[in-house]
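# Fold and geometry: a report
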Amino acid sequence: MFLTEMELDLEQITENLNAFEKFLDTLPEKALGLGVRVLFAAILFLVGSKLIKLIRRITKRSLQRASVETGVIQFLDGLIKASLYGILVLMIAGNFGFDATSVVALVGSAGVTIGLALQGCLSNLAGGVLILLLKPFRVGDFITESGQGTEGTVKEIGIIYTKLMTTDGKIVVLPNGSLANSSITNATDTPIRRVDLVVGISYDADIKTAKEVLQTVMRDDMDILHNEPEIVYVNALADSAVELGMRCFCENPKYWDVRWRLLENVKNALDNAKIEIPYQQVSLHMESVTEPESVMLKRIDKK
């Protein structure tokens, strides 16, 4: 019986040695096959990347020739890029023996988990689609969003994020989901824009004369749309000044130039008309109080 067990152990060892020997014999062939697959995958990725760039370039040019909005072109470009690279990854996985159908089925079965993990990205994707459909703003518009009060010129509408350039040259990246759910103020969506200014004059100044001066300043400005209403009115009786309001209209791209020029011209015109522009000041009145002599005597006695 002891010999029989020894014989079984020897047979098992012999089988293991034979199997290891076969593995060593086939190892170079397997390594060569794996190397070929890796090389083919690298070539497939390079060729696929070049082809994806070519498809994106052709699509961009076609959309530009069709006069499609820049934001729509940017969004579709990002969507095409993500989709084609996903297909390329599946092809490379198939090269290594992974069944594409199995991979898709696995992703589908894990859809709930992936959806929960990527719900922020999916919300941003849906927000980007809403922005392109409803068009609250376009590339090139100057907007202000109510959430954080961020304002700037729209530079890019992506599939997940929108890029704004602020007035001081910074790039702010905002999620499309928050933009779609926020109140947006679009300052460039209309061709004209109203300019509102408030100027304070002294209570001693003549209001009628001051209003005529401000009307003249607006009438002499060439960038103001004179076919639109030009109004000068008393806005408020403030603590130290009578506030006069000015309203006029100009073309949207010229808004800031008109506003800054009006402020300068109003100051010069009021100075020439000898109309004072008051400023905040505090007057301090001090009164000296003399103590009665009886109180002073009592203090001396106490000492």
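An account of the accompanying structure is given in this report. From a predicted model like this one, the values you see are computed outputs, not experimental measurements.

Moving on, we get to the pairing of strand E2 (residues 151–157). Judged from the three bridges that link them, strand E1 (residues 142–145) and E2 form a sheet pairing that is antiparallel. Its bridge partner being in E2, Thr144 is matched across the sheet by Glu151. Following E1, the chain reverses through five residues before pairing antiparallel with E2; Gly149 in that reversal takes a positive phi of roughly 75 degrees. Across four bridges, E2 lies against strand E3 (residues 161–165) in antiparallel orientation. Within the sheet, the bridge partner assigned to Thr153 lies in E3 and is Met165.

The interhelical angle for the contact between helix H7 (residues 207–220) and helix H8 (residues 255–272), taken along N-to-C directions, is 140 degrees, at an axis separation of 10 Å. Of the possible angle classes, the one that applies to H7 and H8 is oblique. Every pair of crossing elements has a handedness; the one defined by H7 and H8 is right-handed. Of H8, the residues touching H7 (which contributes Val213, Leu214, Val217 and Met218) are Leu262, Asn265, Val266, Ala269 and Leu270. Of the residues belonging to the contact of H7 with H8, the class tally is eight nonpolar, one polar and no charged.

Moving on: the sheet that holds strand E6 (residues 192–201). As summarised here, the arrangement of the three strands in space is E6-E8-E7, forming an open sheet in which the pairing is antiparallel. Looking at the sheet topology across the chains shown, the edges are occupied by E6 and strand E7 (231–237). Direction aside, neighbouring strands of the sheet carry axes that sit 30 degrees apart on average. Pairing geometry for E6 and strand E8 (residues 242–251), over ten bridges, is antiparallel. Bridge pairing in E8 places Ile201 opposite Val242.

A complete count under the given rule lists two aromatic pairs for this structure. Taking 5.7 Å as the distance between ring centres and 35 degrees as the angle between the ring planes, the aromatic pair formed by Trp256 and Trp260 counts as tilted. Pair noted here: Trp256 and Trp260 are both in helix H8, with a separation of four residues, about one helical turn. Its relative accessible area of 45% is what places Trp256 among the partly exposed residues. Taken together, the aromatic side chains of Tyr255, Trp256 and Trp260 make up a single cluster linked through ring pairs. When the ring centre of Tyr255 is taken as origin, the NZ or CZ atom of Arg193, which lies over that ring, is 3.8 Å away.

On to the pairing of E7, then. As judged from the six bridges shared by E7 and E8, these two strands associate in the antiparallel manner. Within the sheet, the bridge partner assigned to Val234 lies in E8 and is Leu244.

Turning to a positive patch on the surface, a few remarks are in order. A cluster of basic side chains, namely Lys50, Lys53, Arg57, Arg61, Arg65 and Lys81, defines a positive patch on the protein surface. The greatest single-element share of the positive patch, amounting to five residues, is contributed by helix H1 (residues 2–65). With respect to the helices, strands and loops of the structure, Arg61 is situated in helix H1.

Judged by nonpolar contacts, the single largest core of 24 residues is most densely connected at Val195, Ile201, Leu262 and Leu270. Put simply, the parts of the chain that give this core at least two residues each are E6, H7, E8 and H8. A per-element tally of this core places H8 first, with six residues. Setting aside chain neighbours within four positions, we find Val195 in contact with Met246, Arg247, Cys248, Cys250, Tyr255, Val258, Arg259 and Leu262. Counting 13 residues, the second-largest nonpolar core is a separate cluster that includes Ile131, Ile143, Ile160 and Leu174.

Conventions adopted
Residues numbered from 1 in each chain as written. Predicted model: local features only at pLDDT ≥ 70, side-chain atom pairs only at ≥ 80, totals over all residues. Heavy atoms only, no water. Pairing = 2+ DSSP bridges. Helix = DSSP H or I, 4+ residues; strand = E, 2+ residues; numbered from the N terminus. Axes fitted to C-alpha atoms, helices over the stretch in contact; angles between N-to-C directions. Parallel < 35°, antiparallel > 145°, perpendicular 65-115°, else oblique. Left-handed = near helix turned anticlockwise from the far one by under 90°. Contact = heavy atoms within 4.5 Å. Nonpolar A, V, L, I, M, F, W, Y, C, P; charged D, E, K, R; others polar. Phe/Tyr/Trp six-rings, centres within 6.5 Å; stacked < 30°, edge-to-face > 60°. Buried < 20%, exposed > 50% of the residue type's maximum accessible area, 1.4 Å probe, protein only. Lys NZ or Arg CZ within 6 Å of the ring centre and 35° of its normal. Patch = residues over 30% accessible without salt bridge, like charges linked within 9 Å, V, L, I, M, F, W, Y side chains within 5 Å. Areas by Shrake-Rupley, 256 points an atom, 1.4 Å probe, with all protein chains shown as cover. Salt bridge = Lys/Arg side-chain N within 4 Å of Asp/Glu carboxyl O. Lys, Arg positive; Asp, Glu negative; His and termini not counted. Charge placed at Lys NZ, Arg CZ, Asp CG, Glu CD. Core = buried A, V, L, I, M, F, W, Y, C linked by side-chain atoms within 4.5 Å.

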